[in-house]
Amino acid sequence: MWNKLFVIPLFFLLFLNNNSLEAQIHCGAVELYLEEQGNNTFTFNDFTTYESGYPRRTIARLKVRVEDKAIPDNLCSWHLSLNVDNNGANPTEWEELNTYGDGLGQNPLLNIVEIRATNDCMTSEDYTSFVPLSSVNDVLEIIKPIIGTLEASDVIHSGSCVQNVNGPGDFLTSYSEYTFKIELRIKPGMSFNPGTFAISFNFRLEENI
Amino acid sequence: MRKSNKFKLFAAAVALIGTSASAQLIDEKDVSITLDLQPVLQLDMTTPDQIEFVFDEINEYQAGITQYAATILKVSSTVSWDLYAVGRSQGNTATGFWDQQVDYGNDNTNAVPNLPLSLLEIRQSQQNPSTAADATKLDYSANFQNANTVAGLGGAYVGTNNIYVDPLGLATPPPATERYIAGHKGAAGADDFVPGGTYLNQTTSRSEYYYTIDYRILPGLPAVFPMAYDIVAGAQDIATINGPSTYAEPGVYTMYVQYILLEDQ
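Computed from a prediction, not measured in an experiment: that's the story for all the values here.

J.: So what's going on with the overall build of chain A? Residues and values would help.
T.: In terms of helices and strands, chain A carries three helices and eleven strands. Going through the 209 residues of chain A one by one, you find that 31% of them count as buried. A separation of at least 24 residues holds for 71% of the contacts in chain A among residues at least 6 apart in sequence.

J.: Describe the overall build of chain B, listing the residues and the values that go with them.
T.: The helix and strand inventory of chain B stands at four helices and 14 strands. Across the 265 residues that make up chain B, the buried fraction comes to 36%. For chain B, contacts bridging at least 24 residues in sequence account for 73% of all contacts bridging at least 6.

J.: So what about the environment of glycine 197 of chain B? Which residues, and what values?
T.: Position of glycine 197 of chain B among the secondary structure elements: in strand β8 (residues 197-198). Given 22 C-beta atoms within 10 Å, glycine 197 of chain B falls into the buried group. Remark: the alpha-carbon pair of glycine 197 of chain B and aspartate 49 of chain B, spanning 148 residues in sequence, is separated by 27 Å. Apart from residues no more than four positions distant in its own chain, glycine 197 of chain B is found in contact with Met190 of chain A together with Ser77 and Tyr209 of chain B.

J.: Explain the nonpolar core to me, and be specific about the residues and the numbers.
T.: Residues Leu83, Ile181, Phe225 and Ile238 of chain B are the most contacted members of the largest nonpolar core, which totals 44 residues. Mapped by element, the contributors of at least two residues to this core are β3 (65-77), β4 (81-88), β9 (210-217), α4 (238-242) and β12 (247-248) of chain B. With five residues, β4 of chain B is the largest single contributor of residues to this core. Residues in contact with leucine 83 of chain B, not counting those within four places in the same chain, are Val75, Tyr180, Ile181, Ala182, Gly183, Tyr259 and Leu261 of chain B. Counting 41 residues, the second largest nonpolar core, distinct from the first, contains Cys27 and Leu62 of chain A together with Ile33 and Leu35 of chain B.

J.: Got a sec to walk through unusual backbone geometry? Specific residues and values, please.
T.: Along the chain, leucine 221 of chain B connects to proline 222 of chain B via a cis peptide bond; the corresponding omega equals -10°. Mapping proline 222 of chain B onto the fold places it in the loop between β9 and β10 (229-230). Residue methionine 122 of chain A is not a glycine yet carries a positive backbone phi of 50°. Relative to the helices and strands, methionine 122 of chain A is located in the loop between β6 (113-118) and β7 (131-132). Residue classification places methionine 122 of chain A among the partly exposed residues on the basis of 16 C-beta atoms within 10 Å.

J.: Can you tell me about the confidence of the model for chain B, naming the residues and giving the values?
T.: Residue and element names in this part refer to chain B. Looking at chain B, the pLDDT average stands at 88 and 89% of residues meet or exceed 70. The spread of mean pLDDT over the elements of chain B runs between helix α1 (residues 3-19), the lowest at 51, and strand β7 (residues 121-124), the highest at 98. In the predicted structure, residues 14-20 sits below a pLDDT of 50 and forms nine contacts with residues beyond four places in sequence or in another chain. For this predicted complex, the interface confidence reaches an ipTM of 0.80, while the overall pTM sits at 0.74.

J.: Any details on the confidence of the model for chain A? Residues and values, ideally.
T.: Averaged over all residues, the pLDDT of chain A equals 88, while 89% of them reach at least 70. Here residues 10-23 of chain A is modelled with pLDDT under 50, and outside its nearest four sequence neighbours on either side it reaches 17 contacts, counting other chains as well.

J.: Pulling in residues and values, what's your account of the environment of serine 191 of chain A?
T.: Topologically, serine 191 of chain A is positioned in the loop between β10 (179-186) and β11 (195-207). Look at serine 191 of chain A and you get partly exposed, because 15 C-beta atoms sit within 10 Å. A C-alpha to C-alpha distance of 8.9 Å links serine 191 of chain A and asparagine 107 of chain A, two positions 84 residues apart in sequence. Residues in contact with serine 191 of chain A, not counting those within four places in the same chain, are Gln106 of chain A together with Pro195 and Gly196 of chain B.

J.: Give a detailed account of the environment of tyrosine 259 of chain B, specifying residues and quantitative values.
T.: Positionally, tyrosine 259 of chain B belongs in strand β14 (residues 256-263). Setting aside anything within four residues of it in sequence, one finds tyrosine 259 of chain B in contact with Leu43, Met45, Leu73, Leu83 and Ala85 of chain B.

How each quantity is defined
Residues numbered from 1 in each chain as written. Chains lettered and ligands numbered in written order. Predicted model: local features only at pLDDT ≥ 70, side-chain atom pairs only at ≥ 80, totals over all residues. Helix = DSSP H or I, 4+ residues; strand = E, 2+ residues; numbered from the N terminus. Buried ≥ 20, exposed ≤ 12 C-beta atoms within 10 Å, placed from the backbone. Contact = placed C-beta atoms within 7 Å. Core = buried A, V, L, I, M, F, W, Y, C linked by C-beta atoms within 7 Å. pLDDT = per-residue confidence, 0-100.

Pasting the structure below:
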């Protein structure tokens, strides 16, 4: 008798547990699609490019899809951030791949890069115009996270075409709010070591908790 | 199954449920950017194909001929750089002397064809930034000296504008004691080079990336070129290096000036 009383609830609990490993806090799913827009190598080989730089080049388009739970949770919302990785180089510099010449000068600094993330509705609060990078330790919030306790009033639903839209939705039904064009502006000037250098942008989509 | 074991199993299952309750959904994507900064080191020079000094009047022998701003040098560079000038010839009379193309006259034994390359004086339009920072680093920015200031052949005269001549007739960078137009020998100090930049974006009447060069040749009377001088060898007028009573044989002579822009060494 005791065996039956124990085993049945145990299987029931384990069944629940298997489901709960895939369960979420407020949303059913979050997905980020990244489409690169061609050549991401910026070549500087004459004075025009060195002095004027690349005024604007689209490097990627980000497409966001956030689904609510099957039983909607009115707190399902998300934020989108970006951080820069230079593979452990000086936090304010590009990663050096190789240098031309003696390499005795200064490697290029991150602040020669300006970035912006826009969509048709300009939903990003801080990155609708170009903003220079400064350090790999900085996290750039394209759509800001909710600080403190998450309230239903913090969720800004799609369709309103206002800043910080962060409710459930996707780029198929609301392209203007869930698609972000990532553009760079690079103007190196003539004071850095010649060579090849690299950085990586890490885009991170998270549900707010 | 003993009761105590069953209880432990039950507790573990409950604990598993408890720990799995906070799985925040996250998705990430990356894109990499490569920067290819190719070095550019460019010297633009505006100058006649040939700068001629024709001495056919007495006053030209005495006062010399100066060609003002005959050469304009414009630098654009993405690396730290040095710029220097070297006087060179083919050495068809001897290394370190002008090439004689034609001689006039009756080949008087005192008329010698050995005109030292160092008789050519040049003056740059503004001071070398390295000289401005450290007076021991010489340049060609001094005014041409008046011929009357020469204290005497082989005497106390010290040339300030004579072009650098390599002892072997090569174009290797001058040593630290010699003159540079911009930058200087060595890569240790900030006053040894001019940083990368270009004359294209100069905003004032002067630029570290733009120089005009004046040339002067002063034969003197007799034509011994009293201003010829070398920092190491001292006076190089014809009487000093060829013997008393010698003078320049009339004729046509040629030499060339090589301007060299290189990454700071």
